Amino acid sequence: MQDKITLLDNKRIILGVTGSIAAYKAVDLASKLTQAGALVDVMMTDAAQQFVTPLAFQSVTGRAVYTSMWQTDSSGGLPTHIAHIGLGEGADVLVIAPCTANTLAKIAHGLADDLLSVTALAARCPLVIAPAMDGGMYGSEVTEFNIRILKGRGVMVIEPDEGRFASGLVGKGRLPETPALIGHIRRMLGRDGALRGKNIVVTAGGTREAIDPVRYISNRSSGKQGYALAQAALDAGAKNVTLISAAQHLPAPVGATVVPVNSAAEMLYAVLEHTPNADALLMAAAVADFTPEHVATQKIKKKDDSSDAPTLALTRTPDILLVVKKRREDTGFPRVVVGFAAESEDLLHNARAKLERKGLDLLVANDITASDAGFEVDTNRVVILDTNGGQETLGLLSKAAVAEAIIGRVAEVLRR
Ligand code: C5P
């Protein structure tokens, strides 16, 4: 079961499904959107019903499925003359996934000869189209022309994936997987949010300090809170979200630019490169405080006939926030800086001192001794401190909810 997603909760989504084998993937999309809290009304073209049944969608959405222009209300849904206008009017977004070359062409040119195309013409909500087509149809001149028309009208056209088609051919035209589709839908729904037009930089994960070509020193940070912050900034409509990431194996949020780094020194370099016009920097990364003084160029070997072990000499890493503080005094950017404090004792006292010393607008403090908060787990328990002496204690929340609260506070500081 997927968690509720605040941005999708109670949103009215019309999901148009057209005649592509990828229609089976739309069942999963409808299911995940519903689990995220959205109210999903599915409309299927005749061709779509050759691949999957209306019952499949009805089963996962728990709502009536619309299949015909001439439907009466006996199916439990709205009679169609109301459906195509009424559903379209009340919707937050109309998503067509998968969208065949035929439906795409009809919508580009205003043809309206079935329920879905009539609805697309009548709807005043934003439109998201995920083309899916076999062979050379996606790259064809006429489809490209139609896509340009749609984009010119503000329609979001999701780029299909490359890979193997049902026909056995290989090319571009596959429907992206559900998490990617949901990421694009979130982007559309969040576009007028509190961070609209803003440039946001987030760091995430624990840095890795090399000892030799195969070994490193790191920490238990998973990067989950940082990735959740990037997603929350995207949901709030940020124009650019740069995620400077030392985390491993986490899926990149759709719309974020991920800059992978290893060491604290690399992270400093990346932060300085990406923040000259940043509205906010959120330093969620667990940056190493110490790094090996020398990195061995070859793997350090043990001697078979001895129990000797090498001694590792460490040196301090640069404090990224202190470097940022200095630059911000000169340039005014980043406009807002948020730091994080993971403490195991005297949480609030240490956090307040850190807020002042590092010149932060907000400091998010968490007690890493709690088993349900901090490193690796999906939940967190934080206190947000500000420069006015304010202190907001959030109870046990998902990292997504913590991220939304922090992003809300950042938007508030930016408004001031
Ligand atoms: O001083 P401390 O490491 O506890 O501060 C934590 C905050 O400082 C975090 O926001 C972390 O990303 C940042 N930090 C930094 N450079 C370091 C160490 C930590 O910017 N070398």
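Residues numbered from 1 in each chain as written. Predicted model: local features only at pLDDT ≥ 70, side-chain atom pairs only at ≥ 80, totals over all residues. Heavy atoms only, no water.

> Would you mind going over the site of the ligand with me for this structure?
As a matter of local geometry, the ligand sits amid 14 residues, with M283, A285, P318, F340 and K354 nearest to it. A distance of 2.7 Å separates an oxygen atom of the ligand from a polar backbone atom of A285. K354 places a side-chain nitrogen or oxygen 2.3 Å from an oxygen atom of the ligand. Look at the ligand: alone it shows 450 Å² of surface, and the protein chains cover 88% of it. Elements supplying a minimum of two residues to the shell around the ligand: helix 10 (320-331) and strand 17 (336-343). Residue composition of the shell around the ligand, by class: 8 nonpolar, 2 polar and 4 charged. (Near = heavy atom within 4 Å. Polar contact = N/O pair within 3.5 Å; in protein donor to acceptor, adjacent residues only side chain to side chain. Areas by Shrake-Rupley, 256 points an atom, 1.4 Å probe, with all protein chains shown as cover. Helix = DSSP H or I, 4+ residues; strand = E, 2+ residues; numbered from the N terminus. Nonpolar A, V, L, I, M, F, W, Y, C, P; charged D, E, K, R; others polar.)

> It is not clear to me how the sheet that holds strand 3 (residues 65-66) should be interpreted in this structure. Could you clarify?
In sheet architecture, strand pairing relies on hydrogen bonds along the backbone and comes in two forms, parallel and antiparallel. The sheet built from 6 strands is open, its strands ordered 3-2-1-4-5-6 with parallel pairing. The strands lining the two open edges of the sheet, one partner per strand, are strand 3 and strand 6 (156-157). Looking at chain direction, strand 1 (residues 12-17) and strand 2 (residues 39-44) are connected through 6 bridges and run parallel. Bridge assignment links R12 to a residue of strand 2, and that residue is L39. (Pairing = 2+ DSSP bridges.)

> What should I look at first to understand a nonpolar patch on the surface in this one?
On the surface, a cluster of nonpolar side chains totalling about 330 Å² of accessible area is made up of I21, Y24 and F51. The residue Y24 is located in helix 1 (residues 23-35) in this model. (Patch = residues over 30% accessible without salt bridge, like charges linked within 9 Å, V, L, I, M, F, W, Y side chains within 5 Å. Salt bridge = Lys/Arg side-chain N within 4 Å of Asp/Glu carboxyl O.)

> Looking at this model, I keep getting lost on the environment of V383. Mind explaining?
Relative to the elements of secondary structure, V383 occurs in strand 20 (residues 382-386). Taking C-alpha positions, V383 is 9.8 Å from A341, a pair spaced 42 residues apart along the chain. Apart from residues lying up to four places away in sequence, V383 is in contact with L348, L363, V364, A365, Q391, E392 and T393. (Contact = heavy atoms within 4.5 Å.)

> How should I be thinking about the nonpolar core in this particular structure?
Nonpolar side chains tend to gather and get buried jointly when the protein is soluble and globular. Counting residues in each nonpolar core, the largest one holds 36 residues, and the members touching the most others are L8, L15, V17, L33, F57 and I185. Elements that contribute at least two residues to this core include exactly strand 1, helix 1, strand 2, strand 4 (93-99), strand 5 (127-131) and helix 7 (178-189). Looking at which element gives the most residues to this core, the answer is helix 1, with 6 residues. L229, A233, A280 and L362 belong to the second largest nonpolar core, which has 35 residues in total. (Core = buried A, V, L, I, M, F, W, Y, C linked by side-chain atoms within 4.5 Å. Buried < 20%, exposed > 50% of the residue type's maximum accessible area, 1.4 Å probe, protein only.)

> Help me out: how do you make sense of the pattern of salt bridges in this one?
Between side chains of opposite charge, pairing is possible as soon as their charged atoms come close. By the definition in use, this model includes 20 salt bridges. Across the salt bridge formed by D279 and R335, the nearest N and O atoms sit 2.7 Å from each other. Highlighted residues: D279 in the loop between helix 9 (264-274) and strand 14 (280-283) and R335 in the loop between helix 10 and strand 17, separated in sequence by 56 residues. The class for R335 is partly exposed, based on a relative accessible area of 36%. Each member of the salt-bridge network shares a partner with another, and the members are D386, E392, R409 and E412.

> It is not clear to me how the domain arrangement of the protein chain should be interpreted in this structure. Could you clarify?
A common way to report how large an interface is uses the accessible area buried once the components associate. Domain annotation of the protein chain identifies domain 1 (12-189) and domain 2 (199-299 + 308-415). A straight line from the C-alpha centre of domain 1 to that of domain 2 covers 39 Å. Across the contact, 6 residues belong to domain 1 and 8 residues belong to domain 2. For the pair domain 1 and domain 2, the summed buried surface comes to about 540 Å²; carbon and sulfur atoms form 43% of the total. A per-residue breakdown of the area domain 1 buries against domain 2 is headed by G183, R186 and R187, which together make up 86% of the total. A salt bridge links R186 to D235; its shortest N-O distance comes to 2.7 Å. The interface formed by domain 1 and domain 2 holds 4 residue pairs in polar contact (both at pLDDT 80 or more) in total. Classifying every residue of the side of domain 1 that touches domain 2 by side-chain character gives 2 nonpolar, 2 polar and 2 charged. (Domains from an automatic or database assignment. Buried area = accessible area lost by both parts, 1.4 Å probe.)

> Can you help me understand the pairing of strand 20 in this one?
Across the 5 residues of strand 20, 5 count as buried, placing the element largely inside the fold. Here strand 20 shows a buried face lined by V382, I384 and D386 and a second buried face lined by V383 and L385. Relative to strand 20, strand 18 (residues 362-367) runs antiparallel, the two being bridged by 5 bridges. The residue of strand 20 that forms the bridge with N366 is V382. Connecting the antiparallel pair strand 20 and strand 21 (residues 391-393) is a turn made up of 4 residues, with G389 showing a positive phi of about 85 degrees.

> How should the side chain of S245 be read in this particular structure?
Its place among the elements puts S245 in strand 12 (residues 240-245). We classify S245 as buried; its relative accessible area is 3%. Polar side-chain contacts of S245 include one of 3.1 Å to the backbone nitrogen of A247.

> What's the story with the packing of aromatic side chains in this structure? I'm lost.
In this description, an aromatic ring pair is defined by two values, namely the gap between the centres and the angle between the planes. Under the definition given, this model contains 0 aromatic pairs. Looking at R208, its charged tip hangs above the ring of Y216, at a distance of 4.5 Å from the centre. (Phe/Tyr/Trp six-rings, centres within 6.5 Å; stacked < 30°, edge-to-face > 60°. Lys NZ or Arg CZ within 6 Å of the ring centre and 35° of its normal.)

> I keep staring at the pairing of strand 17 and nothing clicks. Help me out?
Along any regular strand, the residues point their side chains to alternate faces of the sheet. For strand 17, a buried count of 6 out of 8 residues is recorded, marking the element as mostly surrounded by other parts of the structure. In this structure, strand 14 lies alongside strand 17, joined through 4 bridges in parallel fashion. When the sheet's bridge partners are listed, M283 is paired in strand 17 with G339. Pairing of strand 17 with strand 18, which is carried by 6 bridges, proceeds in the parallel orientation. Paired with V338 across the bridge in strand 18 is L362. Between the parallel pair strand 17 and strand 18, the chain is carried across by helix 11 (residues 347-357), and the sense of this crossover is right-handed. (Right-handed = clockwise from strand over helix to strand, strands pointing away.)

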